[in-house]
Amino acid sequence: MMWLYKCETDKDLNGSYAVVIIHLHALFIFQKCDTSKHKVLAVSICTQSLPYFAAKFNLCVNDAAKRLCGFLKSLGVHYVFDTTIAADFSILESQKEFVQRYQQRNQEEHALPMFASACPGWIRYAERVLTNPVTPHICTAKSPQQIMGSLVKGYFARQQNLSPDKIFHIIVAPCYDKKLEALREDFYTPLYNSQDVDCVLTSGEIVQIMEQKNISMKEVAEVAVDSLFGEIKEEDVLRHDGRRSDGYLEHIFKHAAKELFDMDVKEITYKTLKNKDFQEVTLEKDGETVLRFAAAYGFRNIQNVVLKLKKGKFLYHFVEVLACPGGCLNGKGQAQTEDGKPDKVLLSQMEEVYAAIPIRLPETSMHVQKLYQDWLEGMDSKKVQETLHTKYCAVNQTASSMDIKW
């Protein structure tokens, strides 16, 4: 069984997606899966979505993951994955790229600052509004969502002896912008006529499905989340450093401190600037500030950062940019009340849940190291660049172009 969806796209004169309207017919129309087209229905759940289900249904995060898996499988989903391993790859590639950019800063005009690339709302704004002054500064590492798409349609499909187009891949995410990210033309395989991610549902839309079916999370059987590696099942939910996101700033900062200055940073101290969503972190050596990073969440702070860049008064080497104030946990696909306002009580509970999840460093994942060798042909291979990286550039708007305002 699978749910149907209808995706309508209008294209502008350049062929890029201008209008994307996703109807999930009442969100939940079910019928038998068209086995002539899709053999496997797979769902990948973003780590920042799990605290929403845990807080909303008063569950611990591990129970929430298992019950969500059980619910999805009751709908006919064959495999349920979590995206932590995809974020591992995204962080590791971002770390590596920052060190390279730092070392090339005197030879390459756009090497620094480097902006994070994981937030599709920020990327869309940069490509369509800010354009050339900003896009060369964006890290080329794909977001966790799109790396998960490559893992499912690439590695996992091969393990299952399936062509990518035989897998229908759905992402459960905190925000609506992930829907537009999935439709980018650079995340499409022409050979198989297949997107890396076929459909995105927000956490809130999953709850709407439950409500329509009159099912509570606490009534659903617990089922262990699947692994990309055969019969192995995922155990406890893990996360990365970072208070409300995948923690690109923390990981890149610590890695750069060690690689560039041979300094081990155990704890990071944030300095709040104009507001709690604009903070900076610095590294000093021999009385000199050698690294200056910032976290800029929400468009008010993003605009201030970009203004400084355009005026040539930019002091930062790296900025973790997220479109949502409060970070990914505060995505509008899950942390909103029925009238569209932020649910501050729920968000506070989600932050507590997220903070309690154990942290795992990407470097310590044996599965990641194995995939680099067996799937990607080495950490510095051409396949790594082709599979884990993309290019962000200015998008020419036309008079007929329209963007959805989520």
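Please refer to the structure higher up on the page.
Residues numbered from 1 in each chain as written. Predicted model: local features only at pLDDT ≥ 70, side-chain atom pairs only at ≥ 80, totals over all residues. Heavy atoms only, no water.

*Asks:* Is there a simple way to think about the overall build of the protein in this case?
*Replies:* Broken down by element type, the protein carries 12 helices and 15 strands. Here the protein holds 406 residues, and the buried ones make up 56% of them. When the accessible surface of the protein is summed, it comes to about 18,300 Å², and 49% of that surface belongs to carbon and sulfur atoms. (Helix = DSSP H or I, 4+ residues; strand = E, 2+ residues; numbered from the N terminus. Buried < 20%, exposed > 50% of the residue type's maximum accessible area, 1.4 Å probe, protein only. Areas by Shrake-Rupley, 256 points an atom, 1.4 Å probe, with all protein chains shown as cover.)

*Asks:* How should I be thinking about the packing of helix H3 (residues 84–103) against helix H5 (residues 144–159) in this particular structure?
*Replies:* H5 packs onto H3 with a crossing angle of 115° between their chain directions and a minimal axis gap of 8 Å. Looking at the two axes, H3 sits roughly perpendicular to H5. Considering only the axes of H3 and H5, their crossing is right-handed. Listed contacts from H5 to Ile85, Ala86, Ala87, Phe89 and Ser90 of H3 are Pro144, Ile147, Met148 and Leu151. Among the residues making up the contact of H3 with H5, the classes are represented as eight nonpolar, one polar and no charged. (Axes fitted to C-alpha atoms, helices over the stretch in contact; angles between N-to-C directions. Parallel < 35°, antiparallel > 145°, perpendicular 65-115°, else oblique. Left-handed = near helix turned anticlockwise from the far one by under 90°. Contact = heavy atoms within 4.5 Å. Nonpolar A, V, L, I, M, F, W, Y, C, P; charged D, E, K, R; others polar.)

*Asks:* Just to check I follow, could you spell out unusual backbone geometry for this structure?
*Replies:* Across the chain, the bulk of peptide bonds are trans and the bulk of non-glycine residues have phi less than zero. Across the junction of leucine 112 and proline 113, the peptide omega takes the value 0°, indicating a cis bond. Tracing the backbone shows proline 113 in the loop between H3 and strand S7 (114–115). Positive phi values are uncommon outside glycine, yet threonine 131 reaches one of about 55°. The topology assignment puts threonine 131 in the loop between helix H4 (120–130) and H5. The partly exposed category is assigned to threonine 131, whose relative accessible area is 24%. Its identity is not glycine, yet asparagine 214 carries a phi of approximately 60°, on the positive side.

*Asks:* Which parts of the structure should I look at to understand the pattern of salt bridges?
*Replies:* Pairing between side chains becomes possible if they bear opposite charge and their charged atoms approach one another. Under the definition given, this model contains 18 salt bridges. Note that glutamate 97 is salt-bridged to arginine 101, the shortest N-O span being 3.0 Å. On the criterion of helical spacing, the pair formed by glutamate 97 and arginine 101 is a turn pair, its members being four residues apart in helix H3. Each of the two residues, glutamate 97 as well as arginine 101, counts as buried. Salt bridges linked by common partners bring Glu93, Lys96 and Asp380 together as one network. (Salt bridge = Lys/Arg side-chain N within 4 Å of Asp/Glu carboxyl O.)

*Asks:* Would you explain the sheet that holds strand S8 (residues 167–173) in this entry?
*Replies:* Pairing between the strands of a sheet comes from backbone hydrogen bonds, and it takes one of two forms, parallel or antiparallel. Read from one edge to the other, the open sheet built from four strands follows the order S6-S5-S8-S11, with strand pairing classed as parallel. Single-partner strands in this sheet number two, and they are strand S6 (79–82) and strand S11 (199–202). For this sheet, the mean inter-axis angle between neighbouring strands, taken without regard to orientation, is 25°. Against the sheet, helix H7 (residues 203–212) touches S8 and S11, its axis set at about 75° to S11. (Pairing = 2+ DSSP bridges.)

*Asks:* Please clarify how the packing of H3 against helix H8 (residues 248–261) should be interpreted in this entry.
*Replies:* The relative placement of two packed helices comes down to the angle between their axes together with the axis-to-axis distance. In contact at an axis separation of 9 Å, H3 and H8 are set at 45° when each is read in the N-to-C sense. As summarised for this structure, H3 and H8 are arranged oblique, according to the angle between their axes. Crossing angle aside, the handedness with which H3 passes H8 is right-handed. Each of Ser90, Ile91, Ser94, Gln95, Phe98, Val99, Tyr102 and Gln103 in H3 lies in contact with H8, whose residues at this interface are Tyr248, His251, Ile252, His255, Ala256, Glu259, Leu260 and Phe261. Here the contact of H3 with H8 is built from residues that sort into nine nonpolar, six polar and one charged.

*Asks:* Would you mind going over the packing of aromatic side chains with me for this structure?
*Replies:* Here the distance between the centres and the angle between the planes together describe a pair of aromatic rings. In the structure shown here, the tally under the stated rule is 19 aromatic pairs. Geometrically, the ring pair formed by phenylalanine 89 and tyrosine 372 is edge-to-face, given 5.0 Å between the ring centres and 65° between the ring planes. Separated by 283 residues along the polypeptide, phenylalanine 89 in helix H3 and tyrosine 372 in helix H11 (residues 366–374) bring together distant segments of the chain. On the basis of relative accessible area, phenylalanine 89 is assigned to the buried category, the value being 0%. On the basis of relative accessibility, which here comes to 0%, the residue tyrosine 372 falls in the buried class. Ring centres of tyrosine 125 and phenylalanine 299 lie 5.0 Å apart, and the angle between their planes is 80°; on these two criteria the pair is classed as edge-to-face. Of this pair, tyrosine 125 sits in helix H4 while phenylalanine 299 sits in helix H9 (residues 299–310), and the two are 174 residues apart along the sequence. (Phe/Tyr/Trp six-rings, centres within 6.5 Å; stacked < 30°, edge-to-face > 60°.)

*Asks:* Hey, could you run me through the state of the cysteines in this one?
*Replies:* Here, the word disulfide means a covalent bond between the sulfur atoms of two cysteines. Going through the model one piece at a time under the given rule, you end up with zero disulfides. The structure places no disulfide on cysteine 328, whose sulfur is separated from the nearest cysteine sulfur, that of cysteine 119, by 6.5 Å. (Disulfide = S-S within 2.5 Å.)

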